[in-house]
Every structure is written in C-alpha cells, then in structure tokens.
Amino acid sequence: MTSSNSSGNSDALVIFGITGDLAKKMTYRSLYRLQKAGRLYVKIVGVAMDQISTDQLHSNIKTALEAEGVKVESKVFSELCSKITYLRGDFSDSKTFQDLSTELNGVERPLFYLEIPPSLFAPVVEQLAAAGLMKNGHVLIEKPFGNDLASAKALNDRLHAVVQEEQILRIDHFLGKQPVIDLLYLRFANYLFEPMWSRNYIDSVQITLAEDFGVEDRGHFYDPVGALRDVVQNHLLQVLAAVAMEAPIDASYRALWDRKIDVFRSMDDVDPTHCVRGQYQGYLDIDGVAKGSETETYVAMKLHINNWRWAGVPFFIRAGKAMATTSTEIAIIYREPPQLSFLDDLSKLPPNRLILRIDPNEVLKIQLLSKAPNGGGARVVHLDLPFGDEVGEPPQPYERLIHSAIVKDYSLFTREDTVEETWRVLQPLIDNPPAVEIYEKGGWGPEGQRHLTRGHGPWVNL
C-alpha cells in the first residue's frame, strides 16, 4: 500500500464476514443498489473463512439477492461482480492480513467493514494496524459496541491503542432511515413546529418500537442480549437524540455529534423503578434460550433530560417482540388546552399529538380537535401525510450508510462519547433489572407498562 493524505473518498471497501447472514440479507442488496444507481466506485474485497472462489462468491451473491426478492439485471450484476474479489483467511492469522495488503496494492484510503462477531472487532483492527493497513484507513464497525459501560470503554481503549477515534465509524442502521434524517428538517426547517418543540407546549414524548414477531430461531443470539441491548441502547436512544437535540452550529458531522452528546449528558441515569421488563409467553420454549431465562423481550422506561428545553418533560421509550403490530413511531403529546366556557368538555378527548412513523412506511400524523359536524360536541380529526407519496423511494439504510462511509460523510455514525453516555444512562437497569413480567403474544406488553405513563395519558398504541 502506498501512503497518501487521508482526505478524499475511500478507494477500496474490504468486508470482513462477506459470507455471513448480514451480508446475505443487507450488504449484497445495498451494493447492488449502489451499483445500479451509479454510486459504487470502489474495489471490493470480501474476506471470510469459507472455502470458496471469487466466482462462487458471485454466484452466492446472486442467489441471495434473488432470495430477497431483488430482480437482478445482468448488466448491473456483471458490473458489480467486476469490482468484487474474494480472499479466504483466518481473522486471527497474520498471513491473512499480509495477503490482504498484497490485494490492496496501490489502494491509498481503504475502508474496512467488520460484519463479524463483536469479540473480533479489536483483534481484527489490531491485525490491520500491525500490517500497516490503517495508516490512512477507516474501520466501519457493526453493533453491538460493548454490552455495558465497562465493556464499551474497554473496547474503545483497545481500539484507540492502534487507531485514532476519527478512523472509527460505529454503525447504527436506524441513522440511515429516511424518517430519522427527515426529523431534523421537520423540526428546524419549519417555523410551524420549532417554536412549539419544548416543555412550554409538550407534555411528554413516546418512542415505540413494536414487532409482531418473536425471537423465532434466533434464541442463541437473542437470549444473551435482550431488548434493552438489542434496540434501546442504540436505535431508540439515537431517535430520542434526534427528537431532543438543539440545532447544530454548522453542517459538519462534528457539529451534529456535539449536539447529540449534549442530550445524553443532560440525561439522568435511568431509575429501575421507572422501568418495566417483560417476556412473552412461550419464549422459554425456544431453542437456544436458557432454562429459566430472565431475558426481556419487552422493555419500557421513563427518562428525563435536564436542560432548558426539556426539563419536566418525560420521555417514554418501549420496545417489544410478539406485539400487536410491527411499527416504529415517535409521538409528541402536547399539553391540554384550558377549559373555557365556550368550548365543549374536552377532558374525555386526547390532546393534540404529532406522530412520525419511521417504520414500516413513513407517515406524519397530526391529531387535532374539532367541532363535531352534528353539533354534539368535539371530535378528533387526523391530518396524515404519507411521505413516500411525496418523495418517492429513498435509499435503504445500509445502502445509504455504506455510501456515506465511502464518501466520508460521517454524520450518520456515532462517536465514542455518545456510545459511552448511552451505556451510562442505562447502566442502573443493567445492574438492577426489575423482574420480567410474562405477557401474551399479540398485545401491548406486560400489565405494568400501563402504569408507567400515569399522569401523562396512556400509551399511544399504533
């Protein structure tokens, strides 16, 4: 490898774990879509331990694309395959990295994407550094980044011993979702919303990630993790940051990161007495789940942000499997209007709500109160805007994130201090988790969750 200034786009993408499940479900499709859109300009090297050739990898990619419902166009696929080579190697063997250095001869700014188990993150980066591959390189790391505060700090320390923080990109695919990106524009580009986006007008905020399916055949993976580590510490807290952050001072990714970390530094540690954990009926029967497991498949909590904008406004977060539906939504609950003599009794009607659905289809909903047409009192009316009808199909999250990493747009990734602060907020719940409550499939979680929002209205069920 030749040396060069680290500015400029990456000129090679090396994917460790190119034959794994994530690659089959997400990466191949993202690379194909980037190629079809004319936005894939780099050499790609796939590294794994499978005894296959480059041609066999190409064939496997096509099979996986078709299995995911992609209509493979021969010209696009041929152009994609012309960029992809395969290197077999053991991730713990220095020879693998020597061979990779040879494969990358002439490459100046490689991007290494680690689609591998978390236990291998540090060893692979250390091997890359020892082989001289990280001088102008960057590394893209999948979640989970640690499983608590101590392990996250230990991983950061180990990585920083061989690379700089600026060389590490921590991926969270929720940050690549179009609605999460749109949220900042919704807030700060519209005078209609921003003046009313504070404790002066908002009673509470709810963020929900519901899935109508269970763990299925992923018991071995899910049981050591649970809902808190799987989707709350990363996905939902990143959504919370987008809801609560102040406007960045400029367009740089550092300015965006700075405003996000302000949110987490303003948050109290979670109080385990303000949390509910649940486990759906039948979870213990799943292959790979430990006997008597206390792993949560549902978690809900109340969080507080102690700054001028949000003091006194509770943020309610919940995530669960085997729920009534599959949807991810943000609900902004406004304060109730005063009871005025000329108005009907509004106490039995919900207050105004602004709801942004992130999945499965992006929709902005505004819930208002109006006079019933028959004169019999007030009624709820809905103003809904399906974003997809207006903006068309956006890039898929992994497609966007891979391209952003290549062109060095780092705004969609997370920084060391953000990762550590989110773990700090949740650490009391890891240390002292309340007992799990059993709940039936197809509902809205354990009975205890109904009481969590007391004083702020019920959960907004999607």
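Let us look at the structure shown here.

1. Details of the overall build of the protein chain
- Broken down by element type, the protein chain carries 14 helices and 15 strands.
- What you see for the protein chain is a C-alpha radius of gyration of 24 Å, in line with the 23 Å of a compact globule of 462 residues.
- Projecting the C-alpha coordinates of the protein chain onto the three principal axes gives extents of approximately 80 × 50 × 40 Å.
- Buried residues in the protein chain amount to 53% of all 462 residues.
- For the protein chain, contacts bridging at least 24 residues in sequence account for 76% of all contacts bridging at least 6.
- Only carbon and sulfur atoms are counted for the fraction: they give 50% of the accessible area of the protein chain, which is about 20,400 Å².
- For the protein chain, the centre of its 48 positive side-chain charges and the centre of its 61 negative side-chain charges are spaced 3 Å apart.

2. Regarding the sheet that holds strand 13 (residues 363–371)
- Spatially, the 9 strands line up as an open sheet ordered 14-13-12-11-7-10-9-8-15, and their pairing is mixed. Both outer strands of the open sheet, strand 14 (378–386) and strand 15 (436–439), are each paired with one neighbouring strand and no more. Taken pair by pair, the neighbouring strands of this sheet meet at an average axis angle of 20°, ignoring direction.
- Of the pairings in the sheet, the one linking strand 12 (residues 353–359) to strand 13 comprises 5 bridges and is antiparallel in character. Directly across from Leu356, in strand 13, lies its bridge partner Leu364.
- Each of strand 11 (327–334), strand 12 and strand 13 is contacted by helix 7 (residues 178–188), which is oriented at about 150° to strand 12, the strand it contacts most.
- Across the sheet, helix 13 (residues 416–431) is in contact with strand 8 (275–280) and strand 9 (298–304); its angle to strand 9 comes to roughly 130°.

3. A word on the sheet that holds strand 1 (residues 12–16)
- In spatial order, the strands read 3-2-1-4-5-6; together these 6 strands make up an open sheet with parallel pairing. One side of each edge strand has no neighbouring strand; the edge strands of this open sheet are strand 3 (84–88) and strand 6 (168–170). Pairs of neighbouring strands in the sheet enclose a mean axial angle of 20°, with direction left out of account.
- With 5 bridges joining them, strand 1 and strand 4 (residues 110–114) adopt parallel strand pairing.

4. So, a nonpolar patch on the surface
- Where nonpolar side chains cluster on the molecular surface, the patch consists of Leu192, Met196 and Tyr201 and spans about 300 Å² of accessible area.
- Tracing the backbone through its elements, the reader meets Met196 in the loop between helix 7 and strand 7 (202–210).

5. Some words on unusual backbone geometry
- Here the amide bond leading from Lys143 into Pro144 is cis, since omega sits at 5°, within 30 degrees of zero.
- Its location among the elements puts Pro144 in the loop between strand 5 (138–141) and helix 6 (149–160).
- A positive phi is found at Ala322, a non-glycine position, where the angle reads about 55°.
- Position of Ala322 relative to the elements: it lies in the loop between strand 10 (314–320) and strand 11.

6. Comments concerning the packing of helix 5 (residues 121–130) against helix 6
- Where helix 5 contacts helix 6, the axes come no closer than 9 Å and their chain directions differ by 5°. Relative to helix 6, helix 5 is oriented roughly parallel. The segment helix 5 lies against helix 6, with Phe121, Ala122, Pro123, Val125 and Glu126 engaging Leu155, Arg158 and Leu159.
- Taken together, the residues of the contact of helix 5 with helix 6 sort by class into 6 nonpolar, no polar and 2 charged.

7. Some details on the environment of Leu87
- Mapping Leu87 onto the fold places it in strand 3.
- Judged by relative accessible area, which is 13%, Leu87 ranks as buried.
- In contact with Leu87, other than residues within four places in its own chain, are Val45, Gly46, Val47, Ala48, Thr96, Asp99 and Leu100.

8. Brief notes about the side chain of Arg357
- Along the chain, Arg357 turns up in strand 12.
- Polar contacts involving the side chain of Arg357 include one to the main-chain carbonyl oxygen of Asn361, which spans 3.3 Å.
- The contact partners of Arg357, leaving out residues within four places of it in the chain, are Pro179, Ser327, Thr328, Glu329, Glu362, Val363 and Lys365.

9. Observations regarding the packing of aromatic side chains
- In the structure shown here, the tally under the stated rule is 10 aromatic pairs.
- Centroid distance Tyr222 to Tyr283: 6.4 Å. Interplanar angle 70°. Geometry classified as edge-to-face. Of this pair, Tyr222 sits in helix 8 (residues 219–222) while Tyr283 sits in the loop between strand 8 and strand 9, and the two are 61 residues apart along the sequence. The burial state of Tyr222 is the same as that of Tyr283; both residues are buried.
- Judged by centre distance (4.8 Å) and plane angle (65°), the ring pair of Tyr253 and Trp257 falls under edge-to-face. Here Tyr253 pairs with Trp257, and both are found in helix 10 (residues 253–265), just 4 residues apart, close to one helical turn. For the pair Tyr253 and Trp257, one class covers both residues: buried.
- Here the aromatic residues Tyr222, Tyr280, Tyr283, Tyr298 and Tyr439 are joined through ring pairs into a cluster of three or more.
- Arg170 extends its terminal NZ or CZ atom over the ring of Phe145, reaching a point 4.6 Å from the ring centre.

10. Side note on the side chain of His235
- Here His235 shows up in helix 9 (residues 226–244).
- When residues no more than four places from it in sequence are discounted, the contact partners of His235 are Lys143, Asp172, His173, Phe174 and Asp230.

11. Regarding the pairing of strand 5
- Here strand 5 shows two buried faces, one formed by His138 and Leu140 and the other by Val139 and Ile141.
- Inspection of the sheet shows strand 4 paired to strand 5 by 4 bridges, in the parallel sense. Looking at the pairing, Tyr113 lines up with Leu140 of strand 5.
- In this fold, strand 4 hands off to helix 5, which returns the chain to strand 5; that crossover is right-handed.
- This β-α-β element, strand 5 to helix 6 to strand 6, shows right-handed connectivity.

The rules behind the values
Residues numbered from 1 in each chain as written. Predicted model: local features only at pLDDT ≥ 70, side-chain atom pairs only at ≥ 80, totals over all residues. Heavy atoms only, no water. Helix = DSSP H or I, 4+ residues; strand = E, 2+ residues; numbered from the N terminus. Rg over C-alpha atoms; globule rule 2.2 N^0.38 Å. Buried < 20%, exposed > 50% of the residue type's maximum accessible area, 1.4 Å probe, protein only. Contact = heavy atoms within 4.5 Å. Areas by Shrake-Rupley, 256 points an atom, 1.4 Å probe, with all protein chains shown as cover. Lys, Arg positive; Asp, Glu negative; His and termini not counted. Charge placed at Lys NZ, Arg CZ, Asp CG, Glu CD. Pairing = 2+ DSSP bridges. Axes fitted to C-alpha atoms, helices over the stretch in contact; angles between N-to-C directions. Patch = residues over 30% accessible without salt bridge, like charges linked within 9 Å, V, L, I, M, F, W, Y side chains within 5 Å. Salt bridge = Lys/Arg side-chain N within 4 Å of Asp/Glu carboxyl O. Parallel < 35°, antiparallel > 145°, perpendicular 65-115°, else oblique. Nonpolar A, V, L, I, M, F, W, Y, C, P; charged D, E, K, R; others polar. Polar contact = N/O pair within 3.5 Å; in protein donor to acceptor, adjacent residues only side chain to side chain. Phe/Tyr/Trp six-rings, centres within 6.5 Å; stacked < 30°, edge-to-face > 60°. Lys NZ or Arg CZ within 6 Å of the ring centre and 35° of its normal. Right-handed = clockwise from strand over helix to strand, strands pointing away.

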